[in-house]
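# Report on the structure
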Amino acid sequence: MAAPRRTAPYRVGDLVTGTSYVAPQNRGRESPELITGRVVQVGSGWDGIDADQAYVWVRLASGRERQALIRDIQKVTL
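Residues numbered from 1 in each chain as written. Predicted model: local features only at pLDDT ≥ 70, side-chain atom pairs only at ≥ 80, totals over all residues. Heavy atoms only, no water.

### Things to note about the environment of G37
Position of G37 among the secondary structure elements: in strand 2 (residues 34-42). For G37, a relative accessible area of 6% corresponds to the buried category. Excluding residues within four positions of it along the chain, G37 makes contact with D14, L15, V16, V58 and R59. (Helix = DSSP H or I, 4+ residues; strand = E, 2+ residues; numbered from the N terminus. Buried < 20%, exposed > 50% of the residue type's maximum accessible area, 1.4 Å probe, protein only. Contact = heavy atoms within 4.5 Å.)

Next up, the structure:
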């Protein structure tokens, strides 16, 4: 088993793509969507606490922001 990650794999400004996260209680009103944008905030879960829920906030080209779990996104390489 791998050791818990102590630092975020993404930094503010990274360009990422993947699927947005929607909390279970909100899935009746909202669905996960494919997203591409810049990381604007790094959330919690990096030091092994709730690591399966570690997340970032991503700003889309439209200016809206979406939450994404780190397991559901990847960096875009140009």
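Past the structure itself, the notes keep going.
### Considering the pattern of salt bridges
Across all of its chains, the model carries four salt bridges by this definition. As a salt-bridge pair, D14 and K75 come within 3.6 Å of each other at their nearest N and O atoms. Remark: K75 occurs in strand 5 (residues 73-75) and D14 occurs in the segment before strand 1 (15-19); sequence separation between them is 61 residues. Residue classification places D14 among the buried residues on the basis of a relative accessible area of 17%. Classification of K75 by relative accessible area gives partly exposed; the value is 44%. Among the salt bridges present, the one from R59 reaches E65, with a minimum N-O distance of 2.5 Å. Linked by salt bridges that have partners in common, E33, R64 and R66 make up one network. (Salt bridge = Lys/Arg side-chain N within 4 Å of Asp/Glu carboxyl O.)

### Focus on the pairing of strand 1
Here five bridges tie strand 1 to strand 2, and the two strands are oriented antiparallel to one another. Paired with L15 across the strands is R38, a residue of strand 2. Looking at chain direction, strand 1 and strand 5 are connected through three bridges and run antiparallel. Residue pairing across strands places G18 opposite I73, the latter belonging to strand 5. (Pairing = 2+ DSSP bridges.)

Purely geometric stuff here, so don't read any function into it on its own.
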